[in-house]
Protein chains: 2
Amino acid sequence: MKTQNRSYREIAEVIKKRIENNEYPINALIPKQVALAEEFSVSRTTIAKALDILISRGFLYTRRGAGTFVTKSMVLSKQDFYVQDYIGLTNQFPDDTVTSKIILFEIVFPDEKVQSALNLKAEVPVYNVIRLRLLNGQNYMLEHTRMPVHLIKGLHSEILQKSIYKYIKETLKLTMSGAWRKIFADKPNEQDKEYLGCTETDPVMRVEQIVCLTDGEPFEYSITTRKYDQGSFIVIDQKSRF
Amino acid sequence: MKTQNRSYREIAEVIKKRIENNEYPINALIPKQVALAEEFSVSRTTIAKALDILISRGFLYTRRGAGTFVTKSMVLSKQDFYVQDYIGLTNQFPDDTVTSKIILFEIVFPDEKVQSALNLKAEVPVYNVIRLRLLNGQNYMLEHTRMPVHLIKGLHSEILQKSIYKYIKETLKLTMSGAWRKIFADKPNEQDKEYLGCTETDPVMRVEQIVCLTDGEPFEYSITTRKYDQGSFIVIDQKSRF
DNA sequence: GAGTGGTCTAGACCACTTG
DNA sequence: AAGTGGTCTAGACCACTCT
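Computed from a predicted structure; not experimentally measured.

Draft legend 1. Seen up close, the protein's contact with DNA strand C. Contacts to DNA strand C come from 26 residues, most closely from Arg44 of chain A together with Ser7, Thr46, Arg63 and Arg64 of chain B. For DNA strand C, the backbone portion of the atoms within 4 Å of the protein, that is sugar and phosphate, comes to 72%. Elements with a minimum of two residues in the surface near DNA strand C: strand S3 (67-70) of chain A together with helix H1 (7-20) and helix H3 (44-56) of chain B. No other element matches H3 of chain B, which puts 4 residues into the surface near DNA strand C. Of the residues belonging to the surface near DNA strand C, the class tally is 4 nonpolar, 13 polar and 9 charged.

Draft legend 2. Geometry of the sheet that holds strand S1 (residues 29-30) of chain A. Residues and elements named next belong to chain A. Reading across from one edge, S1-S3-S2 is the order of the 3 strands in this open sheet, with antiparallel pairing throughout. The open sheet has two edge strands with one neighbour each: S1 and strand S2 (60-63). Across 2 bridges, the pairing between S1 and S3 is antiparallel. The residue of S3 that forms the bridge with isoleucine 30 is threonine 68.

Draft legend 3. Quick look at the domain arrangement of chain A. Per the domain assignment, the segments making up chain A are domain 1 (8-70) and domain 2 (80-234). Measuring from the centre of the C-alpha atoms in domain 1 of chain A to the corresponding centre in domain 2 of chain A gives 35 Å.

Draft legend 4. Broad picture of the packing of aromatic side chains. A full pass over the atoms with the stated rule returns 6 aromatic pairs over all chains. Residues phenylalanine 93 of chain A and tyrosine 140 of chain A carry aromatic rings whose centres are separated by 5.8 Å and whose planes lie at 85 degrees to one another, so their mutual orientation is edge-to-face. Of this pair, phenylalanine 93 of chain A sits in the loop between helix H4 (89-92) and strand S5 (98-108) while tyrosine 140 of chain A sits in strand S7 (residues 138-148), and the two are 47 residues apart along the sequence. Each ring, one from tyrosine 61 of chain B and one from phenylalanine 69 of chain B, has its centre 5.4 Å from the other, and the planes form 20 degrees; the classification is stacked. Since its relative accessible area comes to 11%, phenylalanine 69 of chain B is described here as buried. Just above the ring of tyrosine 8 of chain B sits the side chain of lysine 49 of chain B; from NZ or CZ to the centre is 4.5 Å. If you follow lysine 182 of chain B out to its NZ or CZ, it ends over the ring of phenylalanine 184 of chain B, 6.0 Å from the centre.

Draft legend 5. Main features of the pattern of salt bridges. Residue and element names in this part refer to chain B. Taken as a whole, this structure holds 22 salt bridges over all chains when the rule is applied. With a shortest N-O distance of 2.9 Å, glutamate 143 and arginine 131 are connected by a salt bridge. Placement of glutamate 143 in strand S7 (residues 138-148) and of arginine 131 in strand S6 (residues 126-135) is noted, with a sequence separation of 12 residues between them. A relative accessible area of 2% places arginine 131 in the buried class.

What counts and what doesn't
Residues numbered from 1 in each chain as written. Chains lettered and ligands numbered in written order. Predicted model: local features only at pLDDT ≥ 70, side-chain atom pairs only at ≥ 80, totals over all residues. Heavy atoms only, no water. Near = heavy atom within 4 Å. Helix = DSSP H or I, 4+ residues; strand = E, 2+ residues; numbered from the N terminus. Nonpolar A, V, L, I, M, F, W, Y, C, P; charged D, E, K, R; others polar. Pairing = 2+ DSSP bridges. Domains from an automatic or database assignment. Phe/Tyr/Trp six-rings, centres within 6.5 Å; stacked < 30°, edge-to-face > 60°. Buried < 20%, exposed > 50% of the residue type's maximum accessible area, 1.4 Å probe, protein only. Lys NZ or Arg CZ within 6 Å of the ring centre and 35° of its normal. Salt bridge = Lys/Arg side-chain N within 4 Å of Asp/Glu carboxyl O.

Encoded structure:
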């Protein structure tokens, strides 16, 4: 019944659900690798690979010689942003209404910063988009995005009002594989005050990111800005490998 | 000459150095897995595991059917903080002088927040430490740490002036294995203004973290605060697995 | 000493890219 | 069609924990 390959990911999903359903309660010892291998009819190596995913996500931890245990779960507030998994606002809030107001939409030549971020020459045109993103009708964040025109073909304002990522994935059939993100606090600028309702003493949180396609080609350079009280950024880090 | 096991980590280190030395230049195709397996006299599986590390760190990317390539490197400013690898200030700045001024050092019973973070009962005593950390003599960050007394035995002020992590690792022989971190911007409080030189309009960046030992037991709950212009937080995210 | 996870091997088949 | 990475297997030995 395996969907051919990738069974280790499916097994990880199943085990994750068991943790979420309390079938494997917090701090409990879960079945040993050999038993799981037998249950799923795979080799022990495949089970180890599945468990590795859940370990790196912070769901499980192991003690060599003792077994594999369920980690005490960390509370994630709904508005918090699990940095390592971010794939767009629409995905972060699937149960809420995410809309966008287009503040700027043009095609320009990239400045030096953008050339370097997107690995482009100066004469390759890029979209230059500023959107105000609203969550359930409330102003939520400002997003300034630059994307190469030749990669993200046929972008138009109707798409910008919904989800760019959805368009990239479903219409263009492109897959993203990685991102580099820089998170920092800043003083609000005029635009932040206007659109996010910041006063002079309200800090903002900015995320500068470069997102790449499967082939490592960067297709998005963006800076998003939120008011300081609109959520936090969560980073889970397990089992460092160096 | 293998140190017994862990050869995949050593191989990853060697390949990482080759990238850093430009022996494998940016965007270049590196030798195929079978060739590397032969070079290092290991199986292809071991090479794949080594490459996985470098892929997740953002140094390499693969294209099935084509090969493994070096990623365009992302610039990390020296003061930036690579979140997934953080193991203390002393480690972040090995070439600088990190000192500490102890502002508070006491043993108390944990409040509810700390009980929950460290998985402790109310009657289990914890250290309550506030330190001002200085980098090359300059005030750099404020750190408020709570640690269970029974885990971090024999802490005293001399250790606090240097590195707690070094003490935990070298004297207590404990190993840390994971962390949960929440990053957020905030307005400065009185303490931030006093010690970090913030004015009313200078945002601060706080990191709330829970750090665990190998067995998953939390041993540190801390909140660190920096002035907004004292570095950023970098998160690299490659090859999401779900 | 028995049991568990960590690592490694040699070989296999598949999915995808490239000439 | 040939070549590359992705995944999987069956089995092995080691390091560590538990008793």
